[in-house]
Amino acid sequence: MKMKDYRQANKGKPFEDFLKFVHMQYQNTGIACVHKVPTEFIPIRDYKGKIVSCKVEEKSCVDYLGRYKSIPVAVEAKHESGSRINFHRVEPHQKDYMEDFCRDKSAVGIVIVSFGLRRFFAVPWPLWHTA
């Protein structure tokens, strides 16, 4: 039986908290309205009915959806612990969603990459997809 590596759990949480703060600032100034897309989970219960774990019910499309001014935006966030962008970290279902979302030429899809919360890059989806 393969043991779960809990060291990987929530490794991107500080980046997610940072993005939440940034999105609140944009919303407070009226520049943008962007919200986290929740992931649906199914609780796993033990024989007493206590929740002991959970599993993903349905994979989320991307991490954030909203608008910048009047432009629809889809944002996928990736936290890198190394020194290079790993272009393979976007899951196939996220890639499909971004492709579909960006078919509308007025919509913008971007992947925001954080390197240790010190350096950030916003990579437009058309560039990410061709890398």
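The structure this text deals with has already been given above.
Residues numbered from 1 in each chain as written. Predicted model: local features only at pLDDT ≥ 70, side-chain atom pairs only at ≥ 80, totals over all residues. Heavy atoms only, no water.

1. As for the overall build of the protein
Within the protein, the secondary structure is distributed over three helices and seven strands. When the helices and strands of the protein are placed in sequence order, the string is α-β-β-β-β-β-α-β-β-α. Along the longest, intermediate and shortest principal axes, the C-alpha atoms of the protein span 50 × 30 × 30 Å. Looking at the protein as a whole, 26% of its 131 residues are labelled buried. Counting only contacts in the protein whose residues sit at least 6 apart along the sequence, the fraction spanning at least 24 positions is 53%. As displayed, the protein offers around 9600 Å² of accessible surface, 56% of which is attributable to carbon and sulfur atoms. Charged side chains in the protein number 22 positive and 15 negative. The centres of these two groups are separated by 6 Å. (Helix = DSSP H or I, 4+ residues; strand = E, 2+ residues; numbered from the N terminus. Buried < 20%, exposed > 50% of the residue type's maximum accessible area, 1.4 Å probe, protein only. Contact = heavy atoms within 4.5 Å. Areas by Shrake-Rupley, 256 points an atom, 1.4 Å probe, with all protein chains shown as cover. Lys, Arg positive; Asp, Glu negative; His and termini not counted. Charge placed at Lys NZ, Arg CZ, Asp CG, Glu CD.)

2. Topic: helix α2 (residues 92-101)
Residues of α2 that are buried include every one of Gln 94, Met 98 and Phe 101, and no others. Looking straight down α2, one finds its buried side chains confined to an arc of 65°; they lie on one side. Tucked inside the fold, the buried residues of α2 contact β4 (64-68), β5 (71-80), β6 (108-115) and α3 (125-130). (Arc of directions from axis to C-beta.)

3. Comments concerning the packing of aromatic side chains
Under the definition given, this model contains five aromatic pairs. Between the aromatic rings of Phe 115 and Phe 121, the centroid separation amounts to 5.9 Å while the plane-to-plane angle is 85°, which identifies the pairing as edge-to-face. By relative accessible area, Phe 115 is classed as buried at 8%. By relative accessible area, which is 38% here, Phe 121 ends up partly exposed. Taken together, the ring pairs connect Phe 15, Phe 18 and Phe 120 into an aromatic cluster. The ring of Tyr 64 carries the charged tip of Lys 36 above its face, separated from the ring centre by 5.5 Å. (Phe/Tyr/Trp six-rings, centres within 6.5 Å; stacked < 30°, edge-to-face > 60°. Lys NZ or Arg CZ within 6 Å of the ring centre and 35° of its normal.)

4. So, the environment of Trp 128
Secondary-structure assignment places Trp 128 in helix α3. Residues Trp 128 and Ile 110, spaced 18 residues apart in sequence, show a C-alpha to C-alpha distance of 8.2 Å. Non-local contacts of Trp 128, meaning those with residues more than four positions away in its chain, are made with Ile 85, Asn 86, Phe 87, Val 90, Val 111, Val 113 and Val 123.

5. Quick look at the sheet that holds β6
If you walk across this open sheet you meet the five strands as β1-β4-β5-β6-β7, and the pairing is mixed. Unpaired on one side and paired on the other, β1 (32-36) and β7 (119-124) mark the two borders of the sheet. When the angles between neighbouring strand axes are averaged without regard to direction, this sheet yields 25°. Pairing geometry for β1 and β4, over five bridges, is antiparallel. (Pairing = 2+ DSSP bridges. Axes fitted to C-alpha atoms, helices over the stretch in contact; angles between N-to-C directions.)

6. Quick look at the nonpolar core
Among the nonpolar cores identified, the biggest contains 15 residues, and Val 111, Trp 125 and Trp 128 are the most heavily contacted of them. Elements with a minimum of two residues in this core: α2, β6 and α3. Take this core: its biggest share by element is three residues, from β6. Of all hydrophobic cores here, the second largest spans nine residues; its members include Phe 15, Leu 19, Val 73 and Val 75. (Core = buried A, V, L, I, M, F, W, Y, C linked by side-chain atoms within 4.5 Å.)

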